[in-house]
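Topology and contacts: notes
Spelled out from the first residue to the last, the chains are:
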Amino acid sequence: MKMPLYSALQKHAERNSVSLHVPGHKNGTIMLKQMEHVYKDILRYDVTELTGLDDLHEAKGVIAEAQQLTAELYGVERSYFLVNGSTVGNLAMIMGSCLEGEEVLVQRNSHKSIIHGIQLAGATPIFLSPKVDEDYQVPSYVECDRVKKAISLYPNAKALIITNPNYYGLTVHLKEVIEFAHKYHIPVLVDEAHGAHFIAGNGFPASAIEAGADVVIHSAHKTLPAMTMGSYLHFNSKLIDREKVEFYLSMLQSSSPSYPIMASLDMARGYLENIIKEETQFDIIKSVDLIKKQIKALNYLDVIETNDKLIHSDPLKVTIRSTNGLSGYELQNYLELHGLYAELANPNHVLFILPFASECSLGEKLASIQPPPKTSKSNMNQKTWKEFDGIGIHRLERSYSYLKKCEKQTVLLEEAVGHFSAESIIPYPPGIPFIMIGQTITADLVDRLKELLQSGVNIQGDNNIKQGKISIYKR
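Residues numbered from 1 in each chain as written. Predicted model: local features only at pLDDT ≥ 70, side-chain atom pairs only at ≥ 80, totals over all residues. Heavy atoms only, no water.

Describing the UniProt feature "domain: Orn/Lys/Arg decarboxylase C-terminal" (unreviewed entry) in the protein chain
Applicable threshold: UniProt positions are given in the numbering used here, feature names are shortened, and annotations may be inferred rather than shown by experiment. Runs of E in the DSSP output that reach at least two residues are strands. Runs of H or I that reach at least four are helices, and both are numbered from the N terminus.
Here the UniProt-annotated "domain: Orn/Lys/Arg decarboxylase C-terminal" (unreviewed entry) positions come out as residues 399-444. The straight-line gap between the two end C-alpha atoms of residues 399-444 is 23 Å; of that span, 15% is helix and 20% is strand.

As structure tokens, then:
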């Protein structure tokens, strides 16, 4: 299996060369004694743009070769290594596709980095509300008819920005949507952060790449064995200027990219390529099916599965809930007491992300845990994401450029009703803004926010929110 960047780093480390360059740990020879057992070996690979190791911002050698192998595996024109996470990919694809004042169609339940990209570009977002899955009670996908209606209303939109799958692995095939957008010469940008493994096929959902998307972002570190912040940007478009995307990648990515992260992206591609070559996807699916059966056999847990016929769920995402009356947060805390750390919890559920491998002992570990005591409280909160439902297609009342000129004021939540929010309130994970900058604050939103805070959700936003306050723009 070819891994050009990793192999070049390994050869360099084996030379035991003298470091007269950055970084300051000098190939792992300078550090506190108590750090050595953790960092000494890995820091031999943490180098800079030395002879033979190429340069991410002017890739012509082993990095270029590693990126080309990635592009060939995914079947795209170009693939780029991202060392600042999928966030930088989302920012670059948006800023490379639209200009200030231009309209873009964007799925409302998008990650905060999508919203930030639109803000940085100064574009005008037209939000498309997603369908709420009745079984998960979370926003899933934007229905095809809604996308088509939005395009008919805004045929000059400069991009259609989609998030697929959602955080829970709920995925729909995008071919019809993408083909319709392309008829209007609208490029489709897809945040497929959680779907880097989809091209394995054989039981896994179809990737947006296969459906013809122009740019697709993958968080390789989410399901492939890459280091945190390791991601890919895949370019495959005749509607977008590739050089503009490259310009913003060069501007937004660190000028000192991490070689361990880049090498892990090279290795993650090799790992995925090997799974496809050896056809071990079937063994992975069998392992997941067994785990689900083991969970369902427990009398205190249930596995959530959607009845939406259009959805193909990612097998690696397993969402559970308590049958003993525990909220998602309470169940998460109980599991952590027994050494099991889930990806996230919401008021109703807990989400597991299983390994992209054929062996996992999760079922046995859960079976060995003493069931939590029953509680009379209900763990179902049917309004969790209902504020996205029924809104349809809408735009902010004021542009981001207008809001920049407005004066901010911090007020009590109750006093904010009717005003534009001057901050984003973001439950994290999953990082989807509950309230966005520029959104009109309603009494219902305030009530829902209070419920979320009382349930124990972690909120990213101004610290004032913990004191029952929020920043608004004065009208």
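Re the sheet that holds strand β14 (residues 344-345)
Test applied: Only when DSSP finds a minimum of two bridges between them are two strands counted as paired.
Strand order in this open sheet of four strands is β11-β13-β15-β14, and the pairing throughout is antiparallel. Among the strands making up the open sheet, the edge pair consists of β11 (301-304) and β14. In terms of strand pairing, β11 meets strand β13 (residues 317-322) through four bridges, oriented antiparallel. Across the sheet, residue D302 finds its bridge partner in β13, namely R321.

Digging into helix α5 (residues 112-121)
Put simply, the test is: Here's how the labels work: a residue is buried when its accessible area is under 20% of the maximum for its type, exposed when over 50%, partly exposed in between, all with a 1.4 Å probe on protein chains only. Throughout, a contact is declared for two residues whenever any of their heavy atoms are within 4.5 Å.
With seven of its 10 residues buried, α5 lies for the most part within the structure. For α5, every residue scored as buried is listed here: S113, I114, I115, G117, I118, Q119 and A121. Turning to α5, the residues buried within the fold contact α4 (85-95), β2 (103-107), β3 (124-128), β6 (160-163), β8 (188-191) and α14 (400-404). In the segment just after α5, G122 is the residue with positive phi, at about 75 degrees.

What about the nonpolar core?
Cut-off, in case you're wondering: Only buried Ala, Val, Leu, Ile, Met, Phe, Trp, Tyr and Cys residues count toward a nonpolar core, and they belong to the same one when joined by side-chain atoms within 4.5 Å.
Membership of the largest hydrophobic core comes to 110 residues, with the highest contact counts inside it found for L160, I320, F352 and L366. Per element, the largest residue contribution to this core is eight residues, and it comes from helix α10 (residues 259-278).

Here's the deal with the packing of aromatic side chains
Worth spelling out the cut-off: Only Phe, Tyr and Trp rings are paired, with Trp represented by its six-membered ring, and only when their centres lie within 6.5 Å; those with planes under 30 degrees apart are stacked, over 60 edge-to-face, the remainder tilted. Whether a charge lies above a ring is judged from NZ of Lys or CZ of Arg, which has to be within 6 Å of the ring centre and within 35 degrees of the ring normal.
Summed over the entire model, instances satisfying the criterion amount to eight aromatic pairs. Ring pairing ties together the aromatic residues Y74, F81 and Y232, which thus form one cluster. Directly above the ring of Y402 sits R398, whose terminal nitrogen or CZ lies 5.3 Å from the centroid.

With respect to the packing of helix α3 (residues 62-74) against α10
Condition: Here an axis means a line fitted to C-alpha atoms, over the contact stretch when the element is a helix, while the angle between two N-to-C directions is reported on a 0 to 180 degree scale. For any helix crossing, the convention is left-handed if the near helix is rotated counterclockwise from the far helix by under a right angle, and right-handed if that rotation is clockwise. Under the scheme applied here, ten amino acids are nonpolar (Ala, Val, Leu, Ile, Met, Phe, Trp, Tyr, Cys and Pro), four are charged (Asp, Glu, Lys and Arg), and all others, including Gly, are polar.
Contact geometry of α3 with α10 gives a least axis separation of 10 Å together with a crossing angle of 35 degrees. You can see that α3 and α10 cross each other, and the crossing is left-handed. When α3 is examined against α10, the residues I63, A66, L69, T70, L73 and Y74 are found in contact with a partner set consisting of Y259, M262, D266, R269, L272, E273 and I276. Grouping the constituent residues of the contact of α3 with α10 by class yields nine nonpolar, one polar and three charged.

Remarks on the pattern of salt bridges
For clarity, the cut-off: Take a side-chain nitrogen of Lys or Arg and a carboxyl oxygen of Asp or Glu: if they are within 4 Å of each other, that pair is a salt bridge.
Counted under the stated rule, the structure contains 17 salt bridges. The residue R242 makes a salt bridge to E246 at a minimum N-O spacing of 2.9 Å. With R242 and E246 both in helix α9 (residues 242-252), this residue pair falls four residues apart, about one helical turn. A residue is classified by how much of its surface remains accessible, and E246, at 25% relative accessible area, is partly exposed.

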